[in-house]
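# Working through the structure, step by step
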Amino acid sequence: MADTRKNSSNPFVQISDLRKSFGDQEVLRGVSLTIPRGETTVVLGQSGEGKSVLLKHINGLLTPDSGSILIDGEEIVGLSERALRPTRRKVGILFQDGALFDSMTVAENVVFPLQEEGIRDRKVLLERAREVLSVVGLEEHMAKMPINISGGMRKRVALARAVINRPECVLYDEPTAGLDPIVADSIDHLIRRLEHEYEITSIVVTHDMKSMNFVADHVAVLRGGKIYFHGTPKELNALHDETIQNFIHGRSGESRS
Amino acid sequence: MGGFIKLLGQLTLGFFRWLGQLTDLVIEMGTAIVRGRPRFNLTGHQIVSVGFGSQLVVIVTGAFTGAVFAAQSYFKFSDLGLASGVGPVVSIALCRELGPVLTGLMVSGRVGAAMAAEIGTMKVTEQVDALRSMGVHPVDYLVIPRAIGLMFSMPLLVAEAIGFGLLASHVLIVWHFNVPSTWYDYHVVANTALEDIAIGMIKGFVFGALIVVISCHQGLKATNGAVGVGRGTTAAVVQSSLAILITNMFLSFLLNYFFPLGSGNY
């Protein structure tokens, strides 16, 4: 299906003909996608379509078999782990389960990226932790260990950690998966708030249609290892395509017996 | 027959793949030491955790091995009229072989397993990916502090095992078998050289390096959730233990070439 949105001036991410296989299984079969700067793009798709695989390529956590990924104009395919470091600092990521460090408190987790940048002043670190945790509404949980907070809180802490050093782009891997509707809604609001407050480019991988309709400026549907649709949420919802309509309305396509 | 050859081929390929992966990790560790930034807090924490924390295990191992080895030696040597040889045999065996090997085996069980399990759990829960996503190389952050901590601690732990082994042998021989204390100590000191102790500590350093590389490798390649972490932990202990025993033989010959038994300034 054709790309219906042509707003690609000064994009933050440009992916061209990306291919990735795991053993015999070809997951990405030539994905091409442009992510506009300062806006939110949602990548939709069924489970197992390779959404998270695509996301991990954007941060260089996976290496493609072939294809090109430009981040802020710079090619990252082929770069070594150490050479990727400056690019990774521009791109934060929220992992599906938060991936907080078990051995650190909430505050230590949040300030970890700053410490890695060489900030050692405990007062400054504490101040920054308090500031960013107040944005996600968790400043009173700073001293707790990740094991002692709920799943929704862990995601919010992980989000605080992802944005504390003001990255230009944040990748969200299923940010609302496994959360109750109220907590999921609060995460959606946070994504919007961070985009506006910090002018962050956001790429959200999800199969949650409510979340997509709330946060997306652009939508890309991944199907069969390729981009099946790319446009706005309005265009997606209005599309007369059985596959898309089944996905939007959560229908498996099987008749009721 | 065909099946046997196929199995042999697979085992050989698996062994060389494993060796290649370990070499990659060692090269990456070298790069990290040269280009990474020092992490004194983490390294200090590791020295306390793996070095200080392993003392009880090492002291008990060294003491009881020294005592039982002295007793068994005394039974036979006194029959042969060679009771004066008990102290030197126990001392040389503890310094050159038993001290470093048993310490290595105990530490691989205690520390190697913990390293593989910790790093493996971090890998399967995406914490290692989280580090990478923040521009932190996992080898810099997870492996190097552990390597420095253990390679610093192991020679000291070996020295401790030797010391407590000798002390226990002294107590047993003198108190239980009524051998004069000064006579026993004289033969131990007269037949033990600094080179013998140095061999034990060099072996400890090498075994520390083996434990770290093998255990961290198993942790970093863990997949498949809790099952994968369990497999990696078991593999870390088994591989480290075997590597220690096999390396010890070659190391003994090599070190004996540089410090031949009996060549020291007694």
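Computed from a predicted model, the values in this text were never measured in an experiment.

### Considerations on the interface of chain B and chain A
The parts lose accessible area when they come together, and the size of an interface is often stated as this lost area. The interface of chain B with chain A comprises 22 residues on the first partner and 25 residues on the second. Of the roughly 1,900 Å² buried where chain B meets chain A, counting both sides, 49% is carbon and sulfur surface. Summed over the three residues of chain B that lose the most area to chain A, namely B:Glu126, B:Arg132 and B:Met134, the buried surface amounts to 32% of that side. Linking chain B with chain A are seven salt bridges, by the criterion used here.

### Structural notes on a nonpolar patch on the surface
Residues and elements named next belong to chain B. A cluster of nonpolar side chains, Val238, Leu242, Leu245, Ile246, Met249, Phe250 and Phe253, forms an exposed patch at the surface whose accessible area comes to about 730 Å². Relative to the helices and strands, Leu245 resides in helix α9 (residues 225-258). Residue class for Leu245 comes out partly exposed when judged on its relative accessible area of 44%.

### A short note on the nonpolar core
Of all hydrophobic cores here, the largest spans 76 residues; its most connected members are A:Val13, A:Ile15, A:Ile203, B:Met29 and B:Leu150. Considering each element in turn, this core owes the most residues, 12 residues, to helix α6 (residues 138-176) of chain B. Among all residues touching A:Ile15, those that are not within four sequence positions of it are A:Val31, A:Ser32, A:Leu33, A:Leu54, A:Ile58, A:Ser68 and A:Ile69. Counting residues in hydrophobic clusters, the runner-up holds 48 residues, among them A:Val106, A:Met153, A:Leu179 and A:Ala184.

### With respect to the packing of helix α4 (residues 86-124) of chain B against helix α8 (residues 194-220) of chain B
Two packed helices can be described by the angle between their axes and the distance between those axes. Residue and element names in this part refer to chain B. Close contact between α4 and α8 brings their axes to 8 Å; oriented N to C, the two are set at 20°. Judged by the inter-axis angle, α4 sits roughly parallel to α8. Viewed along their axes, α4 and α8 form a crossing whose handedness is right-handed. A breakdown of the residues in the contact of α4 with α8 according to their chemical character gives 15 nonpolar, nine polar and five charged.

### Looking at the sheet that holds strand β5 (residues 74-75) of chain A
Residue and element names in this part refer to chain A. In spatial order, the strands read β2-β1-β4-β5; together these four strands make up an open sheet with antiparallel pairing. What marks the edges here is a single partner per strand, and that holds for β2 (25-36) and β5. Relative to β5, strand β4 (residues 66-71) runs antiparallel, the two being bridged by two bridges. Its bridge partner being in β5, Leu70 is matched across the sheet by Glu75.

### Brief notes about the pairing of strand β9 (residues 218-223) of chain A
Residues and elements named next belong to chain A. Buried residues dominate β9, accounting for five of its six residues. Relative to β9, strand β3 (residues 40-44) is paired through four bridges, and the arrangement is parallel. Counted as the bridge partner of Val43 is Ala220 from β9. In this structure, β9 lies alongside strand β10 (residues 226-231), joined through five bridges in antiparallel fashion. When the sheet's bridge partners are listed, Leu222 is paired in β10 with Ile227. What sits between the antiparallel neighbours β9 and β10 is a turn of two residues, in which Gly224 has the positive phi angle 65°.

### Description of the sheet that holds β3(A)
Residue and element names in this part refer to chain A. Here six strands make up an open sheet; going across it, the order is β6-β7-β8-β3-β9-β10 and the pairing mixed. If you trace the sheet from one side to the other, it starts and ends with β6 (91-94) and β10, each paired once. For this sheet, the mean angle separating the axes of adjacent strands, direction not counted, is 20°. With four bridges joining them, β6 and strand β7 (residues 169-173) adopt parallel strand pairing. Looking at the pairing, Val91 lines up with Cys169 of β7. Sheet contacts for helix α1 (residues 51-58): β3, β7, β8 (201-206) and β9; angle to β8, the most-contacted strand, approximately 155°. The strands touched by helix α5 (residues 151-163) are β6 and β7; relative to β6, the strand with the most contacts, the crossing angle is about 175°.

### Things to note about the side chain of A:Ser202
Residue and element names in this part refer to chain A. Note that Ser202 resides in strand β8. Among the residues examined, Ser202 registers a relative accessible area of 0% and is labelled buried. Excluding residues that lie within four positions of it along the chain, Ser202 makes contacts with Glu39, Thr40, Thr41, Val170, Tyr172, Ile191 and Glu195.

Definitions and limits used
- Chains are numbered independently. Their residues run from 1 in the order of the written sequence.
- To read the labels, note that chains go from A and ligands from 1, taken in the order they are written.
- In keeping with the model being predicted, local features are shown solely for residues with a pLDDT of at least 70 and side-chain atom pairs are shown and tallied solely at 80 or more, while totals for entire chains, interfaces and linings include all residues.
- Only hydrogens and water are set aside when side-chain values are computed; all heavy atoms of the structure are taken into account.
- A contact between two residues is defined here by any heavy atoms of the two lying within 4.5 Å.
- By buried area we mean the combined loss of accessible area, with a 1.4 Å probe, across both parts when two parts are placed together.
- We count a salt bridge whenever a side-chain nitrogen from Lys or Arg sits within 4 Å of a carboxyl oxygen from Asp or Glu.
- Two joining distances apply to patches: 9 Å for like charges and 5 Å for nonpolar side chains (Val, Leu, Ile, Met, Phe, Trp, Tyr), and every residue must have over 30% relative accessible area and no salt bridge.
- Calculation of accessible area relied on Shrake-Rupley with a 1.4 Å probe; when residues are assessed, cover is drawn exclusively from the protein chains displayed.
- Runs of E in the DSSP output that reach at least two residues are strands. Runs of H or I that reach at least four are helices, and both are numbered from the N terminus.
- Only protein chains enter the accessibility calculation, which uses a 1.4 Å probe; a residue whose area is less than 20% of its type maximum is buried, one above 50% is exposed, and one in between is partly exposed.
- Definition used in this section: a nonpolar core is a set of buried Ala, Val, Leu, Ile, Met, Phe, Trp, Tyr and Cys residues joined via side-chain atoms within 4.5 Å.
- To obtain each axis, a line is fitted to C-alpha atoms, and for helices this fit is confined to the stretch in contact; angles are then taken between N-to-C directions over 0 to 180 degrees.
- Roughly parallel means an angle under 35 degrees; roughly antiparallel means over 145; roughly perpendicular covers 65 to 115; every other angle is labelled oblique.
- Less than a right angle of anticlockwise turn of the near helix away from the far helix marks a crossing as left-handed, whereas a clockwise turn marks it as right-handed.
- Ten residues, namely Ala, Val, Leu, Ile, Met, Phe, Trp, Tyr, Cys and Pro, are considered nonpolar, four, namely Asp, Glu, Lys and Arg, are considered charged, and the remaining ones, Gly among them, are considered polar.
- For two strands to be treated as a pair, DSSP must find no fewer than two bridges joining them.

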